[in-house]
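Chains, contacts and geometry: an overview
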Amino acid sequence: MNPAETKSWGVLSQLAETDGKRHLRELFAEEPGRFERFSFEAAGLFLDASKAQVTGPVMDALLGLAEEVGVEKRRRRMFAGEPINETEGRSVLHMALRDNRDGKYKADGADPMGDIEDVRQRMKAFCDAVLSGDRRGATGKPLTTVVNIGIGGSDLGPVMVTEALKPYWIEGRDVHFVSNVDGTHLVETLRRCDPETTLFTIASKTFTTQETMTNAHSAREWFLASGRSEADVASHFVALSTNHEATAAFGIEEENVFGFWDWVGGRYSLWSAIGLPIALTVGWEAFEDLLSGAHAMDRHFEEAPADKNLPLLFGLIGLWHRTFLDMPAVAVLPYDQSLHRLPAYLQQADMESNGKSRRLDGLPAGYETGPIVFGEPGTNGQHAFYQLIHQGTTVIPCELIAPAVSHNPLGDHHEKLLANFLAQPEALMVGVTEDEAFTQLKEQGASDEEAKRLAPHKAFPGGRPSLSVLMQKLTPETLGALIALYEHKIFVQGAVWGVNSYDQFGVELGKVLAKPILAELKNEADGDHDASTAGLIARVRSLRSG
Ligand code: F6P
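Read on for an overview of the structure. Remember, predicted model here, so these are calculated numbers, not experimental data.

**A look at the layout of surface pockets**
Empty space within the largest pocket amounts to approximately 970 Å³. In terms of lining residues, the largest pocket is bounded by 38 residues, among which Thr206, Thr209, Val507, Glu508 and Lys511 are the most central. At the level of elements, helix H9 (210-225), helix H15 (342-354) and helix H21 (508-521) are the ones that each hand at least two residues to the lining of the largest pocket. The element best represented in the lining of the largest pocket is H21, accounting for 6 residues. Partitioned by chemical class, the residues of the lining of the largest pocket number 12 nonpolar, 16 polar and 10 charged. Of the pockets and cavities examined, the second largest pocket occupies roughly 370 Å³. Forming the boundary of the second largest pocket are 18 residues, of which Asp336, Gln337, Ser406, Asn408 and His414 lie nearest the centre. At the level of elements, strand S10 (398-405) and helix H17 (413-430) are the ones that each hand at least two residues to the lining of the second largest pocket.

**Notes on the packing of aromatic side chains**
Scanning the model with the defined rule gives 17 aromatic pairs in all. Each ring, one from phenylalanine 314 and one from tyrosine 486, has its centre 5.2 Å from the other, and the planes form 65°; the classification is edge-to-face. With phenylalanine 314 in helix H14 (residues 310-324) and tyrosine 486 in helix H20 (residues 476-497), this pair connects stretches of sequence that are 172 residues apart. Residue classification places phenylalanine 314 among the buried residues on the basis of a relative accessible area of 1%.

**Comments concerning the pattern of salt bridges**
Under the defined criterion, the tally for this structure stands at 30 salt bridges. The partner of aspartate 48 in a salt bridge is lysine 51, with the nearest N and O atoms 3.9 Å apart. As far as burial versus exposure is concerned, aspartate 48 and lysine 51 are alike and both buried. For glutamate 196, the salt bridge identified is with lysine 141, shortest N-O distance 3.6 Å. A residue pair is termed long-range when its members are at least 10 positions apart, and glutamate 196 in the loop between helix H8 (183-190) and strand S5 (198-203) and lysine 141 in the loop between helix H6 (113-132) and strand S3 (145-149) qualify at 55 residues. On the accessibility criterion, lysine 141 (34% relative accessible area) is partly exposed. Within the structure, one salt-bridge network assembled from shared partners comprises Arg22, Glu26 and Glu30.

**A short note on the site of the ligand**
In the neighbourhood of the ligand, 14 residues make up the surrounding shell, with Gly153, Ser154, Ser204, Thr206 and Thr209 lying closest. Within the side chain of serine 204, a nitrogen or oxygen atom sits 2.6 Å from an oxygen atom of the ligand. Between the ligand and glutamine 348, the relevant distance is 3.2 Å, taken from an oxygen atom to a side-chain nitrogen or oxygen of the residue. Taken by itself the ligand offers 400 Å² of open surface, and the protein chains cover 87% of this. For the ligand, the cavity whose grid points lie within 2 Å of the majority of its atoms is the largest pocket. For the shell around the ligand, a count of residues per class yields 2 nonpolar, 9 polar and 3 charged.

**Thoughts on the nonpolar core**
Counting 118 residues, the largest nonpolar core has Trp320 and Leu479 as its most contacted members. At 13 residues, the largest contribution of residues to this core is made by H20. In contact with leucine 479, not counting residues within four places along its chain, are Met160, Val161, Ala164, Leu165, Leu290, Leu339 and Leu474. Membership of the second largest hydrophobic core comes to 20 residues, among which are Ile149, Val178, Leu190 and Ala216.

**Observations regarding the packing of helix H1 (residues 7-17) against helix H4 (residues 56-69)**
Where H1 meets H4, the axes come as close as 8 Å, and the angle between the chain directions of the two elements is 155°. In this view, H1 runs roughly antiparallel relative to H4, as classed from their interaxial angle. Between H1 and H4 lies a crossing whose hand is left-handed. In contact with Lys7, Ser8, Trp9, Val11, Leu12 and Leu15 of H1, H4 contributes Pro57, Val58, Ala61, Leu62, Gly64, Leu65 and Glu68. Across the contact of H1 with H4, the residue classes break down as 9 nonpolar, 2 polar and 2 charged.

**Things to note about empty space enclosed by the protein**
Going through the model one piece at a time under the given rule, you end up with 2 cavities of 30 Å³ or more. Of all elements in the fold, only H6 and helix H13 (284-303) reach the threshold of two or more residues within the lining of the largest cavity. Classifying every residue of the lining of the largest cavity gives 9 nonpolar, 2 polar and 1 charged. Considering the residues around the second largest cavity, the lining is formed by Val330, Val332, Leu346, Asp350, Val373, Glu399, Tyr486 and Lys489.

**Notes on the sheet that holds S10**
Taken in spatial order, the 6 strands make up an open sheet running S1-S2-S11-S10-S8-S9, and their pairing is mixed. Each edge of the sheet is formed by a strand with only one pairing partner; in this case those strands are strand S1 (39-42) and strand S9 (372-375). Taken pair by pair, the neighbouring strands of this sheet meet at an average axis angle of 20°, ignoring direction. On the sheet, H15 packs against strand S8 (329-334), S9 and S10 and is oriented at approximately 175° with respect to S9.

**Observations concerning H6**
Taking 1.5 Å per residue, 20 residues should reach 28 Å; H6 reaches 28 Å between its end C-alpha atoms and fits that length. At its buried positions, H6 is contacted by S5, strand S6 (237-241), strand S7 (257-259), helix H12 (276-282) and H13. With its phi angle positive at about 90°, glycine 133 sits one or two positions after the end of H6.

**Some words on a nonpolar patch on the surface**
A cluster of nonpolar side chains, Leu509, Val512 and Leu513, forms an exposed patch at the surface whose accessible area comes to about 300 Å². Of note, valine 512 is situated in helix H21. Relative accessible area serves as the criterion here: at 51%, valine 512 is assigned to the exposed category.

**Describing unusual backbone geometry**
Note: most peptide bonds trans; most residues except glycine with negative phi. Cis peptide bonds are those with omega within 30 degrees of zero, and the linkage from glycine 378 to threonine 379 qualifies with 15°. In this fold, threonine 379 is placed in the loop between S9 and helix H16 (386-391). Unlike most non-glycine residues, aspartate 108 shows phi in positive territory, near 50°. Tracing the backbone through its elements, the reader meets aspartate 108 in the loop between helix H5 (71-79) and H6. For aspartate 108, a relative accessible area of 69% corresponds to the exposed category. A positive phi angle is found at asparagine 523, which is not glycine, with a value near 60°. Looking at where asparagine 523 falls in the secondary structure, it is placed in the loop between H21 and helix H22 (531-545). Judged by its relative accessible area of 59%, asparagine 523 is exposed.

Calculation criteria
Residues numbered from 1 in each chain as written. Predicted model: local features only at pLDDT ≥ 70, side-chain atom pairs only at ≥ 80, totals over all residues. Heavy atoms only, no water. 1 Å grid on protein atoms, 1.4 Å probe; cavity = no way out; pocket = protein on both sides within 12 Å on 5 of 7 lines; lining within 4 Å. Points joined across faces, edges and corners; volume = space filled by probe spheres on them. Helix = DSSP H or I, 4+ residues; strand = E, 2+ residues; numbered from the N terminus. Nonpolar A, V, L, I, M, F, W, Y, C, P; charged D, E, K, R; others polar. Phe/Tyr/Trp six-rings, centres within 6.5 Å; stacked < 30°, edge-to-face > 60°. Buried < 20%, exposed > 50% of the residue type's maximum accessible area, 1.4 Å probe, protein only. Salt bridge = Lys/Arg side-chain N within 4 Å of Asp/Glu carboxyl O. Near = heavy atom within 4 Å. Polar contact = N/O pair within 3.5 Å; in protein donor to acceptor, adjacent residues only side chain to side chain. Areas by Shrake-Rupley, 256 points an atom, 1.4 Å probe, with all protein chains shown as cover. Sits in = over half its atoms within 2 Å of the grid points. Core = buried A, V, L, I, M, F, W, Y, C linked by side-chain atoms within 4.5 Å. Contact = heavy atoms within 4.5 Å. Axes fitted to C-alpha atoms, helices over the stretch in contact; angles between N-to-C directions. Parallel < 35°, antiparallel > 145°, perpendicular 65-115°, else oblique. Left-handed = near helix turned anticlockwise from the far one by under 90°. Pairing = 2+ DSSP bridges. Expected span 1.5 Å × (residues − 1). Patch = residues over 30% accessible without salt bridge, like charges linked within 9 Å, V, L, I, M, F, W, Y side chains within 5 Å.

Listed below in structure tokens is the structure:
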């Protein structure tokens, strides 16, 4: 169905011209209970949406829109294992990976829980054996370093989570992630590794991805060049993949392959075998806690009423900003250094999911869909791009995330961090009028003329929306809940826009075109290109030969 033809869509389009244009200062002045009304809580996360550009009528219309387009029905279909990834004919069941209820899910008509439990037990046993030293390298040394080779969903989730859970790292463990096909990534990483104590996890759902396969082969060559035999490869290489034929062809024995299924999308796969490097770094228990935090959010998403449902409301508010108020981007701003890879992770999760312009029925959407996602940890971002967010011509809703308690209490560092976490949304919301700026300048001793000249530059428009996510502490549980919150937010938005959030055909064309160009760069073929590409290829060749 076309969501733009619903009654609620029409109402929201009108509200965009009225409520959407009201200054947040005004909305707060009018409604003292605004904070209570627009803050929500679930699974250890507190969401303050009162500084978003929403009003009561807007929220009602958004919930009406969700109902009219059938978000709840689509959610039920997803949890029931129906192939809601219609273009690929697949179910979307990453939630099953963090559940343990028999009979709850169906994948291709069968309960997947037995298979899930099987892989989980194998992962746990492997993890325990590596961590206890029962499973060692070919020369008998413990495997203390993990090098994960993967890209996209087979990299970003595990990198983000292992960084976020640094306080939970098991003493003496080390983990590296190699993703880029740029040889520098592998070379610089392996410089810091000892082949005798390194375990490679080759992570690729398809086991055909050019970058990953190239890195995996080079890693194996590096390993063999250290004096080890082909037989020793089995002690140092495991595969995380759905493609057992390809893992066998690479030379990895079945007992060293940890599988998953095509109903786990790459960018939703950190809960599957793809999470093995996480478990090898923080231990099995912490990995399970991560799963249970995500499961708590799944239960909330499935069971909470619409007007209290965190992912639903988070998604709908984001959609209001994006589609009806025409705000093109979202800034993800974790006030926690250990979440420094969260923006990169969410770029794939969100932009690969909802960066679509065709609806499921194949017709052009005709309205704005997935936003541009970017971000950096606060406070660093404040000294970089916040200028544009505060005073630029584009309004960018911000999502600020912070734990109240730090794992690393150090003097008043955390209070300072939190003060910034709280002050930035306040500044974005309140702003400074030109009159206020003029008065402030006068108070600081400026002349009338000087104050008049500078006031426009020192004024902040304010009324810039933000949402704040607060948790007590960043633990495996709260991190799991946070990631699941975003996954379901993306689902909700995709469901309203009517796009398929679970395919990614947009990444294919570049891959296809790179193949013949590779042959040309290796002087194995001549190609036929547009003048610009042909000119660049010629220039690259001449620079390389010169
Ligand atoms: O190129 C995009 C993509 O297909 C992602 O969706 C995926 O996460 C990534 O490549 C890696 O794929 P694989 O795990 O199959 O190597």
